[in-house]
Amino acid sequence: VCKLLPSKPGTGAALAATGMGLREALFYERLADRLAMRTPVVHVARCDEGSGAFVLLLEDLKASGCTVPDGTVGVAPDAAARALEDLAELHLRFLDPAVRAREAGWVRPPDPPSDYGVTRLRYGLEHHRARLSDPFAELAELYVAKRDAVHAAWEEGPRTVVHGDTHLGNLFDDAGRTGFLDWGIVHVGTPLREVSYFLTMAMSIDDRRAHERDLWRHWLSVWKSGGGPPIAFDDAWRAHRLHAAYTVPASCQIVTFPDDVSPARRTFAEAFLARAEAAVADLEARAAL
């Protein structure tokens, strides 16, 4: 599978400006082979840090016998536990700022929040409020009104390299093992967000409800045994509730409910929104904020 900037006039420049393709190419070129986690095999990774142009030649996962989710079936609990171990290995490896500077110095903190999410959430609230659950809509209203304060509440926790977008659409299954796709927003952030977002947006709602406490304890155990600074379960659970709110701006494109999406995209979007709505309600994310 080849990934590169689109040739449509204007589109390529817009994507290059986000830096997403560049970051993904740099990940495959400089970091992927340092990690034990399953990622697509990269045959070619080239990029131009000046222009943002890139080209990737990646393993065809379907030809390798892997399954790419359609959004309706989440990561099973046992596979989720293994995936959290893989994520913990990433988080622990780059926890030391000196190691991070030496091996992944190009990975930076995320840019300050833009108006992108606010604009689309406001559109969804104004045009599609009836299609949104009350807890989700109330949290969207809070985010629109106090975006910067909400982002400030998400800043607590250790800093390391994180995938940054571990929802089901960026994962694949290889004989029961979860692999990680789409490294376009790899950044330096808190692993607490990473774990929370994986549990809320990669598992089925019922499995998440039944197993999220045990899976948090599992990640904390791996984190501690690998030398991570102590994090009490109660503090991790508080972070889980806070970061459940992130599923709202993460859904900003979906709540515009565009008419021109494919049936497959619509199926995925409906499942994505259902997971987000369940998470903010179950974890009382607005009250946590």
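The coordinates are above.
Parameters and conventions
- Residues numbered from 1 in each chain as written.
- Predicted model: local features only at pLDDT ≥ 70, side-chain atom pairs only at ≥ 80, totals over all residues.
- Heavy atoms only, no water.
- 1 Å grid on protein atoms, 1.4 Å probe; cavity = no way out; pocket = protein on both sides within 12 Å on 5 of 7 lines; lining within 4 Å.
- Points joined across faces, edges and corners; volume = space filled by probe spheres on them.
- Nonpolar A, V, L, I, M, F, W, Y, C, P; charged D, E, K, R; others polar.
- Core = buried A, V, L, I, M, F, W, Y, C linked by side-chain atoms within 4.5 Å.
- Buried < 20%, exposed > 50% of the residue type's maximum accessible area, 1.4 Å probe, protein only.
- Helix = DSSP H or I, 4+ residues; strand = E, 2+ residues; numbered from the N terminus.
- Pairing = 2+ DSSP bridges.
- Axes fitted to C-alpha atoms, helices over the stretch in contact; angles between N-to-C directions.
- Contact = heavy atoms within 4.5 Å.
- Polar contact = N/O pair within 3.5 Å; in protein donor to acceptor, adjacent residues only side chain to side chain.
- Phe/Tyr/Trp six-rings, centres within 6.5 Å; stacked < 30°, edge-to-face > 60°.
- Lys NZ or Arg CZ within 6 Å of the ring centre and 35° of its normal.

Participant: Hey, could you run me through the layout of surface pockets in this one?
Facilitator: Leftover empty space is mapped by rolling, across the atoms, a probe with the size of a water molecule. A volume near 300 Å³ is recorded for the second largest pocket. Taken together, 13 residues line the second largest pocket, and the ones lying closest to its centre are I254, F257, P258, V261 and A269. Its residues placed into classes, the lining of the second largest pocket shows 7 nonpolar, 1 polar and 5 charged.

Participant: Help me out: how do you make sense of the nonpolar core in this one?
Facilitator: Nonpolar side chains in soluble globular proteins tend to be buried together. Counting 83 residues, the largest nonpolar core has F198, W216 and W219 as its most contacted members. In terms of residue count, the dominant contributor to this core is helix α3 (residues 77-93) (9 residues).

Participant: Explain the sheet that holds strand β3 (residues 54-58) to me, please; I cannot follow it from the model alone.
Facilitator: Neighbouring strands of a sheet are bound in pairs by backbone hydrogen bonds; such pairs are parallel or else antiparallel. Spatially, 3 strands are ordered β1-β3-β2 in an open sheet, and the strand pairing comes out antiparallel. Every other strand in the sheet has two partners, leaving β1 (2-4) and β2 (42-47) as the edge strands with one partner each. Here the strands of the sheet are splayed against their neighbours by 10° on average, with no regard to which way each runs. Looking at chain direction, β1 and β3 are connected through 3 bridges and run antiparallel. Across the sheet, C2 pairs through a bridge with L57, a residue of β3. Together, β1, β2 and β3 form the strand contacts of helix α2 (residues 20-30), whose direction differs from that of β2 by roughly 130°.

Participant: So what exactly am I meant to see when it comes to the pairing of β3 here?
Facilitator: Looking along a regular strand, one sees side chains alternate from face to face of the sheet. Residues F54, L56 and L58 line the buried face of β3, whereas the alternating positions V55 and L57 sit on a face that is not buried. Where β2 meets β3, 5 bridges bridge the pair, whose relative direction is antiparallel. By the bridge assignment, A45 is partnered in β3 with L56. In this antiparallel pair of consecutive strands, β2 and β3, the connection spans 6 residues, and G52 shows a positive phi of 85°.

Participant: Would you mind showing me how to read the side chain of H167 here?
Facilitator: Looking at the element boundaries, H167 is found in the loop between β4 (160-162) and β5 (171-174). When its relative accessible area of 11% is taken as the criterion, H167 is described as buried. From its side chain, H167 meets the backbone nitrogen of G169 in a polar contact 2.9 Å long.

Participant: Got a minute to help me understand the packing of aromatic side chains in this structure?
Facilitator: The geometry of an aromatic ring pair is captured by two quantities: the separation of the ring centres and the angle between the planes. One pass over the structure, following the stated rule, counts 9 aromatic pairs. Here F27 and W183 contribute two aromatic rings whose centre-to-centre distance is 3.8 Å and whose plane-to-plane angle is 10°, an arrangement assigned as stacked. Taken together, the positions of F27 in helix α2 and W183 in the loop between β6 (177-180) and β7 (187-189) put the pair 156 residues apart, joining distant regions of the chain. Its relative accessible area of 0% is what places W183 among the buried residues. Ring plane angle 85° and centroid distance 5.7 Å describe the contact between W154 and Y246, whose orientation is recorded as edge-to-face. Residue W154 is located in the loop between α7 (147-153) and β4, and its partner Y246 is located in the loop between α10 (233-244) and α11 (247-250); the two are separated by 92 residues in the primary sequence. Overall, the relative accessible area of 16% leaves Y246 in the buried class. Taken together through their ring pairs, the aromatic side chains of Y143, W154, Y197 and Y246 make up a single cluster. Here the guanidinium or amino end of R120 rests over the ring plane of Y116, the centre of that ring lying 3.6 Å away. Above the face of the Y246 ring, R193 is positioned so that its terminal group lies 3.9 Å from the ring centre.

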